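Listed here are the chains, written in short residue letters.
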Amino acid sequence: LFMALPKGYFPQDDTGLLFGFTQAAPDVSFEEMQRLQKIAADIVAADPAVEHVGSFIGSSGWIASVNVGRLLVALKPVEVRGMTAQQVIGRLRRQFQEIKGLSVFLIPTQDVRIGGRQGRSEYQFTLWSADLQALRRFGPLAADRLRAVPGVVDVSTDQEAGGLQTNVVIDRQAAGRLGVAIADITAALNDIYAQRQVATVYGDRNQYRVILTVEPRLGRSAENLGFVHVPGKNNQLIPLSAVANFTESLAPLVVNHQGQFAAITISYGLAPGASLGETTAAIRQAIATMALPEQVRADFAGDAAQFARSANDQTLLVIAALVAIYILLGVLYESLIHPLTILSTLPSAGLGALITLKLSGTDLTLIAFIGIILLIGIVKKNGIMLVDQALTLQNSQRLAPAEAVVRAAVDRFRPILMTTFAAMLGALPLLLGTGPGSELRRPLGITVIGGLVVSQILTLYTTPAIYLAFERMSERRRAWLQQRRERASASATAVRSGP
């Protein structure tokens, strides 16, 4: 069951907030981006499950380029909208596909998230290299491989390589002949395109910054540079085309880095019902078949990276917990056998937790795994009470092991039942709780209650049986040691009585 259950990292909780990304073509104008962004915001605002929408565009400290926008969406309470945040995203996704020229990505805001480069979906896969050309060549290919993986949706990259660029190549000989300074050319271009602040107007209550810019319709293509004039000899206005040539090319709008290397981050989400563990393995297989060159490295980032690392540590964590408990119980009982009898109660608890996860359709997430670790501490008290009482009856009343363990099960039935029900009722609010963040706590209640129910049914039968099996092994071992001592004593007596 542990190997077959779908794995996850943190459960997808519904906080009532969505974070959205919009992306248009790299050569989009500000006015066109504003129009497309308004269409997307109107679609979101018209959804009956949405309470408020905030929309942002324009290059800033957290928006790298003008062709990228942001949406902040507040949903109505769950009892009003009647569906989860993921279902709302699925409904809006179909409407976003009708917007031509704009891609929209919505992700639910999580209470718990491991840091990584902000992406347009929940999970990230990063490629980095010192060779920028190789990185740009294999980045789109890797994104295409992820789109073909079953269960993966909303695949996008932060590679913005299709931006239009105009190169102004100055003819220095012509500029020197006409008396045009390079600084004057730079200043003229800054006046037109840099939106330079040239003055501040102070009013009674406010101050207003005066921005110098050209009329928008005159600054959209390289052809308009021919109308720019710069000062020359005797303050004559010289056309810029007389001292410079203009060429157009493509250039990246932004180059992201990971450490010292240029990097491309591929963001992706999971389709409803898809497992993070299965998709992670499928993505690894898809990237491995690409045969990336040595200079291009690839790995998961953010939550996906932490899940990949934690999945390898879970088995070691369980083994370490069992070894620590075995050592403590061995010191307590001064025995190597009785701690094993107590630990025999744990497989039934783990079985119950995994069966409950399977029946409820819940992934084995980190929260569910914490519940399994918690069961180790809760369930072993059943074995401790049984073994402790059986040993007391054997030592004080000289009862046979079979009679002692049966009486111990009868004597300790009520306290075992009471403590089990106390723990189950304590976990019941985690299982039945509703509201924001309840999805994050529910796997803990599922594993604790399921493990306690199964262990309560099986422990009163399996623990006495294992106790008797170990007692018989101990008796056979003691009998074998006694026979060995007797043979050794007989051999020593024969040697002393010899000639």
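Residues numbered from 1 in each chain as written. Predicted model: local features only at pLDDT ≥ 70, side-chain atom pairs only at ≥ 80, totals over all residues. Heavy atoms only, no water.

Visitor: How would you summarise the packing of helix α11 (residues 366-397) against helix α13 (residues 413-432) if you had to cite specific residues and measurements?
Guide: Here α11 crosses α13 at 175°, and the two axes come no closer than 10 Å. Judged by the angle between their axes, α11 and α13 are roughly antiparallel. In contact with I378, K381, N382, M385 and L386 of α11, α13 contributes P415, I416, T419, T420 and A423. Broken down by class, the residue content of the contact of α11 with α13 amounts to six nonpolar, three polar and one charged. (Axes fitted to C-alpha atoms, helices over the stretch in contact; angles between N-to-C directions. Helix = DSSP H or I, 4+ residues; strand = E, 2+ residues; numbered from the N terminus. Parallel < 35°, antiparallel > 145°, perpendicular 65-115°, else oblique. Contact = heavy atoms within 4.5 Å. Nonpolar A, V, L, I, M, F, W, Y, C, P; charged D, E, K, R; others polar.)

Visitor: Run through unusual backbone geometry, naming residues and quoting values.
Guide: Most peptide bonds adopt trans geometry, and most residues besides glycine take a negative phi value. The backbone of N235 shows a phi angle near 60°, a positive value even though the residue is not glycine. With respect to the secondary-structure elements, N235 resides in the loop between β10 (229-231) and β11 (237-239). Of note, the phi angle at R398 is positive, near 55°, even though the residue is not glycine. Tracing the sequence through the fold places R398 in the loop between α11 and α12 (401-411). R398 sits in the exposed class, given a relative accessible area of 70%. (Buried < 20%, exposed > 50% of the residue type's maximum accessible area, 1.4 Å probe, protein only.)

Visitor: Mind laying out the pairing of strand β6 (residues 152-157), listing which residues take part and the relevant values?
Guide: Most of β6 sits inside the fold, with five of its six residues counted as buried. Both β6 and strand β14 (residues 261-270) contribute to a ladder of four bridges, which runs antiparallel. Across the sheet, S156 pairs through a bridge with S267, a residue of β14. (Pairing = 2+ DSSP bridges.)

Visitor: Which residues make up the pattern of salt bridges, and what are the values?
Guide: All told, the structure shown has six salt bridges when counted by the stated rule. Linking R35 and E32 is a salt bridge whose minimum nitrogen-to-oxygen distance equals 2.6 Å. In this pair, R35 and E32 are both assigned in helix α1 (residues 30-46), three residues apart and thus about one turn of the helix distant. What makes E32 partly exposed here is its relative accessible area of 29%. Among the salt bridges present, the one from D144 reaches R147, with a minimum N-O distance of 2.9 Å. Remark: R147 and D144 occur in helix α4 (residues 132-147); sequence separation between them is three residues, near one turn of the helix. Judged by its relative accessible area of 45%, R147 is partly exposed. (Salt bridge = Lys/Arg side-chain N within 4 Å of Asp/Glu carboxyl O.)

Visitor: Please set out the packing of α1 against helix α3 (residues 85-96) residue by residue, giving values where relevant.
Guide: Here α1 crosses α3 at 145°, and the two axes come no closer than 11 Å. Between α1 and α3 lies a crossing whose hand is right-handed. Contacts between α1 and α3 involve A40, I43 and V44 from the former and L92, Q95 and F96 from the latter. Each residue belonging to the contact of α1 with α3 can be placed in one class, and the counts come to five nonpolar, one polar and no charged. (Left-handed = near helix turned anticlockwise from the far one by under 90°.)

Visitor: Requested: an account of α1, with residues and values cited.
Guide: Structurally, the α-helix is built with 3.6 residues per turn, so residues lying three or four positions apart point the same way. Over its 17 residues, α1 extends 24 Å from the first C-alpha to the last, a length consistent with the 24 Å expected when each residue adds 1.5 Å. Buried within α1 are the following residues: M33, L36, Q37, A40, A41, I43 and V44. Axial view of α1: buried residues confined to an arc of 155°, hence all on one face. Summarising the geometry of α1, the exposed residues directed more than 90 degrees from the buried face are K38 and A46. Close packing links the buried residues of α1 with β1 (17-24), β2 (50-57), β3 (68-75), α3 and β4 (102-108). (Expected span 1.5 Å × (residues − 1). Arc of directions from axis to C-beta.)

Visitor: Tell me about the sheet that holds β3, and name the residues and values.
Guide: The antiparallel open sheet is built from four strands, whose spatial order is β2-β3-β1-β4. Of all strands in the sheet, those with a lone pairing partner are β2 and β4, marking the two edges. The mean angle between the axes of side-by-side strands here comes to 20°, regardless of whether they run parallel or antiparallel. Direction of pairing for β2 relative to β3: antiparallel, over a ladder of seven bridges. Along β3, the bridge assignment pairs H52 with A74. Strands in contact with α1 are β1, β2, β3 and β4; relative to β2, the strand with the most contacts, it is inclined by about 170°. Contacting β1, β3 and β4, α3 runs over the sheet at an angle of about 175° to β4.

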